[in-house]
Amino acid sequence: MPPSGSRGALLLPPLLLLLLLLLRSVLAVPLERGVPNREESPATESPDTGLYYHRYLQEVINVLETDGHFREKLQAANAEDIKSGKLSRELDFVSHHVRTKLDELKRQEVSRLRMLLKAKMDAEQEPNVQVDHLNLLKQFEHLDPQNQHTFEARDLELLIQTATRDLAQYDAAHHEEFKRYEMLKEHERRRYLESLGEEQRKEAERKLEEQQRRHREHPKVNVPGSQAQLKEVWEELDGLDPNRFNPKTFFILHDINSDGVLDEQELEALFTKELEKVYDPKNEEDDMREMEEERLRMREHVMKNVRRGPGWAGEGPGSVAYPRLAPQVDTNQDRLVTLEEFLASTQRKEFGDAGEGWETVEMHPAYTEEELRRFEEELAAREAELNAKAQRLSQETEALGRSQGRLEAQKRELQQAVLHMEQRKQQQQGPNAPASNPEGQLKFHPDTDDAPVPAPAGDQKDVDASEKKVPEQQPPVVPQLDSQQL
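Bear in mind that the values here come from a model prediction, so they are computed numbers and not experimental data.

From N to C terminus, the protein includes 17 helices and two strands. The burial tally for the protein puts 36% of its 486 residues in the buried class. Restricting the contact set of the protein to residue pairs at least 6 apart, pairs at least 24 apart contribute 68%. Carbon and sulfur atoms make up 51% of the accessible area of the protein, which amounts to about 30,500 Å² in all.

Attention shifts here to the nonpolar core. Membership of the largest hydrophobic core comes to 26 residues, with the highest contact counts inside it found for Leu 230, Phe 250, Leu 267, Leu 270 and Phe 342. For this core, the leading source of residues is helix α14 (residues 288–303), giving four residues. If near-sequence neighbours (up to four positions away) are discounted, Leu 267 is found in contact with Leu 262, Arg 299, Val 302 and Met 303.

Glancing now at the environment of Phe 178. Mapped onto the fold, Phe 178 is located in helix α8 (residues 170–194). Looking at Phe 178, the relative accessible area reads 4%, which means it is buried. Residues Phe 178 and Glu 290, spaced 112 residues apart in sequence, show a C-alpha to C-alpha distance of 8.0 Å. Filtering out sequence-adjacent residues up to four positions away, Phe 178 remains in contact with Arg 289, Glu 290, Glu 293, Val 361 and Ala 366.

A separate point is the layout of surface pockets. Reported here for the largest pocket is a volume of approximately 980 Å³. What lines the largest pocket is a set of 29 residues, and nearest its centre among them are Lys 185, Arg 189, Leu 208, Gln 212 and Glu 290. Secondary-structure elements contributing two or more residues to the lining of the largest pocket are α8 and α9 (198–216). Here the lining of the largest pocket gets nine residues from one element, more than from any other, and that element is α9. Split into classes, the residues belonging to the lining of the largest pocket amount to nine nonpolar, four polar and 16 charged.

Further remarks concern the packing of α8 against helix α16 (residues 369–429). Viewed as axis vectors pointing N to C, α8 and α16 meet at an angle of 75°, and their least axial separation amounts to 10 Å. Judged by the angle between their axes, α8 and α16 are roughly perpendicular. Contact residues: Lys 179, Arg 180, Met 183, Leu 184, Glu 186, His 187, Arg 190 and Arg 191 in α8; Glu 369, Glu 371, Leu 372, Phe 375, Glu 376, Glu 378, Leu 379 and Glu 383 in α16. Taken together, the residues of the contact of α8 with α16 sort by class into five nonpolar, one polar and ten charged.

Opposite charge on two side chains makes pairing possible when the charged atoms of those side chains draw close. What the rule picks out here adds up to 33 salt bridges. Residue Glu 104 pairs with Arg 107 through a salt bridge whose shortest N-O separation is 3.1 Å. Here Arg 107 and Glu 104 lie together in helix α5 (residues 96–124), a separation of three residues that amounts to about one turn. For Arg 107, a relative accessible area of 34% gives the class partly exposed. With its nearest N and O atoms 4.0 Å apart, the salt bridge here joins Glu 176 to Lys 179.

A full pass over the atoms with the stated rule returns five aromatic pairs. Their ring planes at 55° and their centres at 5.8 Å tell us that Phe 245 and Phe 250 sit as a pair that is tilted. A relative accessible area of 15% means that Phe 245 is categorised as buried. Taken together, a centroid distance of 6.1 Å and an interplanar angle of 5° make the contact between Phe 250 and Phe 342 stacked. Here Phe 250, found in helix α11 (residues 247–254), pairs with Phe 342, found in helix α15 (residues 339–346); they are 92 residues apart in sequence, far enough to count as distant. Under the relative-accessibility criterion, Phe 250 is labelled buried at 0%. Here Phe 342 falls in the buried class, since its relative accessible area comes to 6%.

Our focus in this paragraph is the confidence of the model for the protein. Of all residues in the protein, 66% have pLDDT values of 70 or greater, and the mean over the chain is 74. Every residue in residues 1–19 is under pLDDT 50, and counting partners more than four places away or in other chains gives 50 contacts. With pLDDT under 50 throughout, residues 481–486 is counted as low confidence; its partners more than four residues away or in other chains account for one contact.

Taking 1.5 Å of rise per residue, 61 residues should cover 90 Å, and α16 covers 90 Å from first to last C-alpha, within 8% of that figure. For α16, the complete set of buried residues consists of Glu 371, Leu 372, Phe 375 and Glu 422. Here the buried face of α16 lies against α8.

With that settled, the discussion passes to the side chain of Glu 290. With respect to the secondary-structure elements, Glu 290 resides in helix α14. Its relative accessible area of 11% is what places Glu 290 among the buried residues. Once residues lying within four places of it in the same chain are set aside, the contact partners of Glu 290 are Phe 178, Glu 182, Lys 185, His 215, Tyr 279 and Val 361.

A word on helix α2 (residues 54–64). Across the eleven residues that make up α2, a large majority, eight, are buried. Along α2, the positions that sit buried rather than exposed are His 54, Tyr 56, Leu 57, Gln 58, Val 60, Ile 61, Val 63 and Leu 64.

Trans peptide bonds make up the majority, and among non-glycine residues the majority have a negative phi. Positioned with a positive phi, Ser 258 is a non-glycine residue whose angle comes to about 55°. If you trace the backbone, Ser 258 turns up in the loop between α11 and β1 (261–263).

With that settled, consider the side chain of Glu 182. Along the chain, Glu 182 falls in helix α8. Setting aside residues up to four positions removed in sequence, Glu 182 forms contacts with Asp 287, Glu 290 and Tyr 367.

Here we come to the environment of His 69. Note that His 69 resides in helix α3 (residues 68–75). For the pair His 69 and Val 94, spaced 25 residues apart in sequence, the C-alpha separation works out to 6.4 Å.

Reading the values: the criteria
Residues numbered from 1 in each chain as written. Predicted model: local features only at pLDDT ≥ 70, side-chain atom pairs only at ≥ 80, totals over all residues. Heavy atoms only, no water. Helix = DSSP H or I, 4+ residues; strand = E, 2+ residues; numbered from the N terminus. Buried < 20%, exposed > 50% of the residue type's maximum accessible area, 1.4 Å probe, protein only. Contact = heavy atoms within 4.5 Å. Areas by Shrake-Rupley, 256 points an atom, 1.4 Å probe, with all protein chains shown as cover. Core = buried A, V, L, I, M, F, W, Y, C linked by side-chain atoms within 4.5 Å. 1 Å grid on protein atoms, 1.4 Å probe; cavity = no way out; pocket = protein on both sides within 12 Å on 5 of 7 lines; lining within 4 Å. Points joined across faces, edges and corners; volume = space filled by probe spheres on them. Nonpolar A, V, L, I, M, F, W, Y, C, P; charged D, E, K, R; others polar. Axes fitted to C-alpha atoms, helices over the stretch in contact; angles between N-to-C directions. Parallel < 35°, antiparallel > 145°, perpendicular 65-115°, else oblique. Salt bridge = Lys/Arg side-chain N within 4 Å of Asp/Glu carboxyl O. Phe/Tyr/Trp six-rings, centres within 6.5 Å; stacked < 30°, edge-to-face > 60°. pLDDT = per-residue confidence, 0-100. Expected span 1.5 Å × (residues − 1).

This is how it looks when you write it as structure tokens:
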């Protein structure tokens with residue numbers, strides 16, 4: 001285990017972890033985990049950041065990992081060097097082979113973005129409209145749109161800065177998404193109750209209250225990051241004596257990939273035991289979306305301990321409640337907890353103060369009644385827009401049906417006209433002319449075995465005339481001689 005000194009003295013992880021120093025926080029953690037096997041530690045897979053350019057980011061990192069010079073400079077860099085762009089200037093010294101691969105990756109990314117833009121323009125605009133791809137590419141901030149062919153230091157700087165900023169906003173976006181989910185759930189519940197009769201509504205409300213009561217009946221939830229919470233993990237998950245709790249040993253045990261820091265994924269794994277007290281996937285009353293929101297709140301409580309918005313959830317829109325603000329563990333706000341930071345947090349007074357426990361999501365609604373009212377107005381406007389669009393589509397469908405009916409009628413009239421013309425033609429040719437079908441094709445009848453084939457009328461006259469002109473030849477008369485003449 002590396003010493004608890006400066007970050008530069010730590011055993012640095014692979015390039016992916018360092019380059020995404022602030023970005024490793026978006027994966028959910030499984031509900032079950034055992035004591036890690038130190039002898040068989042599998043290769044750590046990079047988390048999916050959820051960014052629309054995640055694949056490009058991952059491929060750039062994989063290519064940079066292959067260059068020894070860049071990897072060397074990275075090991076000597078800190079989080080500030082990476083975020084400020086100082087590390088990006090080292091790109092000028094990587095090998096030609098690596099630069100060629102990076103150039104190809106950028107060209108592929110530009111091509112992908114162009115395809116996305118074209119698809120969007122095709123869906124929103126009329127055809128044959130000229131598209132200024134250069135101006136459109138400027139909205140993508142993770143690459144330099146002025147240079148679309150080669151990967152330069154500016155590209156790496158933009159990629160790191162954009163990913164850092166986007167993932168810093170990930171938690172806020174997650175809270176907003178959860179708020180809309182809760183408001184939609186409440187909106188649908190109220191509409192369902194309004195659709196029922198009085199007796200049925202009372203029964204549905206009684207069932208809902210019973211579910212909420214069962215959900216609230218759970219053991220005390222410890223404050224995340226407190227001594228009580230860590231000791232419970234130490235005893236029940238690690239199987240160790242709670243009276244011999246050692247923070248340094250605890251840190252080493254839960255540093256799953258042995259990189260000298262606890263990232264947000266490893267930190268969230270520590271909250272699994274507390275979450276299992278409240279949420280069970282088998283219970284109808286337990287919402288797993290609420291569990292993930294609870295996990296995020298716990299991690300924010302330990303890492304940042306900040307409130308969003310003007311205050312607690314009931315004091316204004318956009319606020320997230322944290323029951324007790326313990327001192328911030330991640331003091332340099334790099335989204336990683338070093339051994340030094342972790343040990344310092346265990347020496348504070350608040351570490352041993354268990355208090356009344358952690359207040360879960362249902363104790364602090366994610367929205368106000370005013371927010372719910374605006375949300376329902378937004379849903380009503382959206383529903384009206386969709387209904388109007390559906391009505392227009394229905395009218396267009398009916399118009400197309402009527403147009404198709406007219407075309408079918410015109411087709412039948414044309415077929416009747418062709419058939420009539422063929423019948424008139426047959427009448428003009430006489431009774432002996434072969435009949436034709438409605439398509440105008442002659443119908444031929446197969447010959448019988450013994451019936452003679454009559455010759456055409458003109459040919460028959462010629463044959464009769466020739467028979468009259470040629471006289472019938474008689475056999476020659478041989479004179480008979482008697483015996484006296486002989």
